[in-house]
Amino acid sequence: MIIKKPSIFIYANEPDAAVVKEICAGIEEEGVFFELNEMENTNLKELAWNAANDSMLGSGIGIRGTYIAMQMRGIEKNRPVESYQNPDKEQCRKLGANSARAIKKLPFK
Amino acid sequence: MSYIAGIDIGNSTTEVCVGEAAADGSIHFLTSASCPTTGTKGTVSNTHGVKAALKQAMSKIGRDVEDISLIRLNEAAPVIGDTAMETLTETIITDSSMIGHNPSTPAGAGQAVGEILLIENISRGVPGIPYIVAAPASYSYEEIAAILNQSGDSLDITGVILQADEAVLVKNRLHKKVPIIDEVARIDKLPGGVPAAIEVALPGQTIRMLSNPYGIATLLDLNAEETRTVTPIAKSLIGKRSAVVLKTPGGNVRENVLPAGEIYLDAEHSASVNLDEGAEKIMQVVSDAGIIRDITGQPETNVGNMFARIKKGMSELDGTANGDIHITDILAVDTLAPVLISGALAGETCLEKAVGIAAMVKTQKLPMRQIAEKLRLELDTDVKVAGVEAVMASLGALTTPGTKLPLAILDMGGGSTDAAVISEEGKVVITHQAGAGELVSMLIETELGLGDRHIAEQIKKYPLAKVESLFHVRVENGQMTFIDESIDPRFYGRVVLLSEEGFIRIEKDIPMEKIAQVRRDAKRKVFVTNAFRALQKVAPDQDLKNISNVVLVGGSAEDFEIPEMLMEEFSNYRIVCGRGNIRGQEGPRNAVATGLVLSYVGEKQ
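Residues numbered from 1 in each chain as written. Chains lettered and ligands numbered in written order. Predicted model: local features only at pLDDT ≥ 70, side-chain atom pairs only at ≥ 80, totals over all residues. Heavy atoms only, no water.

(A) Representation of the domain arrangement of chain B in the model. Residues and elements named next belong to chain B. Parsing chain B into structural domains produces domain 1 (1-77 + 365-401 + 584-605), domain 2 (82-88 + 258-360), domain 3 (95-253) and domain 4 (443-520). Opposite the eight residues of domain 2 that make contact, domain 4 presents six residues. Surface buried jointly by domain 2 and domain 4 totals about 490 Å² across both partners, of which 63% is contributed by carbon and sulfur atoms. When the area that domain 2 buries against domain 4 is broken down by residue, the three leading residues are Met85, Thr335 and Pro338, summing to 56%. Joining domain 2 to domain 4, the criterion identifies zero salt bridges. Looking at which element gives the most residues to the side of domain 2 that touches domain 4, the answer is strand β18 (residues 326-340), with six residues. In terms of residue class, the side of domain 2 that touches domain 4 is made up of five nonpolar, two polar and one charged. (Domains from an automatic or database assignment. Contact = heavy atoms within 4.5 Å. Buried area = accessible area lost by both parts, 1.4 Å probe. Salt bridge = Lys/Arg side-chain N within 4 Å of Asp/Glu carboxyl O. Helix = DSSP H or I, 4+ residues; strand = E, 2+ residues; numbered from the N terminus. Nonpolar A, V, L, I, M, F, W, Y, C, P; charged D, E, K, R; others polar.)

(B) Quick look at the layout of surface pockets. Residues and elements named next belong to chain B. Taken as a whole, the second largest pocket encloses approximately 1,000 Å³ of empty space. Mapped onto the lining of the second largest pocket, the elements with two or more residues apiece are β2 (13-21), β22 (416-422), α10 (437-447), α11 (453-461) and α14 (591-604). When residues of the lining of the second largest pocket are assigned to their parent elements, the largest contribution, five residues, is made by α11. Class assignment for the residues of the lining of the second largest pocket results in eleven nonpolar, 16 polar and 15 charged. Each of domain 1 (1-77 + 365-401 + 584-605) and domain 4 (443-520) accounts for three or more of the residues forming the lining of the second largest pocket. (1 Å grid on protein atoms, 1.4 Å probe; cavity = no way out; pocket = protein on both sides within 12 Å on 5 of 7 lines; lining within 4 Å. Points joined across faces, edges and corners; volume = space filled by probe spheres on them.)

(C) Representation of the sheet that holds β22(B) in the model. Residue and element names in this part refer to chain B. Read from one edge of the open sheet, five strands run β23-β22-β21-β29-β30, paired in mixed fashion. Looking at the sheet topology across the chains shown, the edges are occupied by β23 (428-434) and β30 (576-579). Adjacent strand axes in the sheet meet at a mean angle of 15° when their direction is disregarded. Of the strand pairs in this sheet, β22 and β23 are connected by seven bridges, and their pairing is antiparallel. From the neighbouring strand, Thr417 faces β23, where its bridge partner is Gln433. (Pairing = 2+ DSSP bridges. Axes fitted to C-alpha atoms, helices over the stretch in contact; angles between N-to-C directions.)

(D) Quick look at the sheet that holds strand β24 (residues 464-467) of chain B. All names here are of chain B. In spatial order, the strands read β26-β25-β24-β27-β28; together these five strands make up an open sheet with antiparallel pairing. One side of each edge strand has no neighbouring strand; the edge strands of this open sheet are β26 (480-482) and β28 (502-505). Across the sheet, the mean angle separating the axes of adjacent strands is 40° when strand polarity is ignored. Bridge analysis of strand β25 (residues 472-475) against β26 gives three bridges, and the strand direction is antiparallel. Of the residues in β26, the one forming a bridge with Arg474 is Met480. Sitting on the sheet, helix α12 (residues 512-538) is in contact with β24, β25 and β27 (495-499), with an inclination near 175° to β24.

(E) View of helix α2 (residues 141-151) of chain B. Among the residues making up α2(B), those that are buried are Tyr141(B), Ile144(B), Ala145(B), Leu148(B), Asn149(B) and Ser151(B). Looking at the buried residues of α2(B), the elements they touch are α1 (17-29) and α3 (89-104) of chain A together with β9 (130-135), β10 (156-162) and α3 (167-173) of chain B. (Buried < 20%, exposed > 50% of the residue type's maximum accessible area, 1.4 Å probe, protein only.)

(F) Quick look at the packing of aromatic side chains. In this structure the tally under the stated criterion is five aromatic pairs over all chains. Their ring planes at 40° and their centres at 5.1 Å tell us that Phe532(B) and Phe570(B) sit as a pair that is tilted. Pair noted here: Phe532(B) is in helix α12 and Phe570(B) is in helix α13 (residues 562-571), with a separation of 38 residues, a long-range link. Here Phe570(B) falls in the buried class, since its relative accessible area comes to 0%. Linked through ring pairs, Phe532(B), Phe570(B) and Tyr573(B) together constitute an aromatic cluster. Looking at Lys77(A), its charged tip hangs above the ring of Trp49(A), at a distance of 4.8 Å from the centre. Above the ring of Phe491(B), the side-chain terminus of Arg490(B) is found at 5.0 Å from the ring centroid. (Phe/Tyr/Trp six-rings, centres within 6.5 Å; stacked < 30°, edge-to-face > 60°. Lys NZ or Arg CZ within 6 Å of the ring centre and 35° of its normal.)

(G) Structural detail: the pattern of salt bridges. Residues and elements named next belong to chain B. One pass over the full model with this rule turns up 37 salt bridges over all chains. Residues Glu476 and Arg519 are paired through a salt bridge, measuring 2.9 Å at the closest nitrogen-oxygen approach. Remark: Arg519 occurs in helix α12 and Glu476 occurs in the loop between β25 and β26; sequence separation between them is 43 residues. What makes Arg519 buried here is its relative accessible area of 0%.

Below, the structure written as structure tokens:
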């Protein structure tokens, strides 16, 4: 049996360090685990969509440089739940928190 | 053959009914329509709505408005309703003595006692004294954790208060775990050097020590006298997930009773009553007073201002002088309104006692003739103002299958609740009572603290549901509904209203059960009270037992739960009560318009 922690997946391609840090902080404050993986894929929407589908919790985040997107399992690939281009600190934190709130079934911030 | 149109201009909608009069005097109903009323009921601007409704109705049968040979307008009841709300108590926190709120993610659990130490002064901390550290949002979670870890060896830090939403982030980085409270907006108001106690509840629980006066006494080492003074603080912290109590000399939580003032009734048996005595007492005095000529409030008090405001609003709308406007009925309802506590540090609110009042104003006869004249000119047809509204409504209600004389109708609109009883001989007794749909909306708005009348009206109209996943919602009655296409993530986890056009999101974070409860209570308080009041006035010998059938008509009779509430209440009096179904097809609407067409036959004979 493979035992894995149920986590939010973050698939990133050449991610901006500051962006990653704030997104992770957003998830951490909500008390959910996450896993960060570097990917070859450069398509932001695919990164997010794949992350959501691979995550046991059905919630994933894609990062490409300073572009970010949040996805949930069951949603069309081309319609990420939330996405930003060159987000500020607050937006990163919010996107991270929302990916966790999606699992906790809480309304988004 | 001639087309006859009956038009009912109401507070919120204009209803049209078109019938064909045969040579033998029988009426054949053809079509009907309803449009929003344009302008205030009884003013010439109503003609736009009338024309729109006529056009809509005639186009349904492929005819033009010109084909109508006679228009019959209602003699609208000269009553207009208005509502007002006044709080009777206010809560004030003095000397920033406490913080009690529900941050979504506090960290740690348990209580801690210590002196408040601002993080910028941490170097001045003295070893051996327990401290609760307060940090503003200008410090990042990493900085705070680093500072606390560094000082943790020399200083005794027992708890942390944060301004930003970062309690878990800080806790995860601390070597020594302590309770942490976050999202305290006015952290700059926290006085340094004051003994304080903080508490974070265990998951799924609410705080236990700080919501108990002896708990506060234990933590802050209070004597019996001081314990007595902190009781209001403890009371106001009941049900919170986190709290801070400060031991400041002048610190307290006080409930002020505002001078509410007296209501004066100029009536058959003139009387006065204090607003403090509550809605039940006020309504008793109103019903004992008999026929009311005017109602006023004690000048320079809340209630005085409230009545002055209603009269001023009415005179602006009506064009009559302020002195000529008389309030002839009121409906008072007790309510609770969440009000921001003055002196609060984290946006805490407290439920304050309030009273909502719907007032009904008798105006001079509404200028229906002017509307008739304008319609005559613009449409080039015969226009007649015919019949009293309640009589017409009764006539229309009688077209409901299964009704017979004697019959009582209850017309529940937006501004007023009207009742009429028609005896077997065709004698009609009518009454108008203050308070209807609009008062319900106001109660919903205040009790939920929405600050938005529009959404309150929608809450009144539509059932609630919670979006539990992207593919299903749970309706308020517990039923689950699955949806093929994924729900817009904006609705995720939210409480929504199920309207015809889809979901309407409720922005405020209020549990679905609470909203449903407030909505039902508001409807019950207004409509059940008013239904009894109105029917008692028109019932033969003022005894409800003399009424056997009640037909509910008007906009509020269309509501998804009000008719059932009334049915339940009336079944105790063995009264058959139900939503009208005008002409067997219109539902509770269109009663007056239908009555107007029907009355044409009677007049001809």
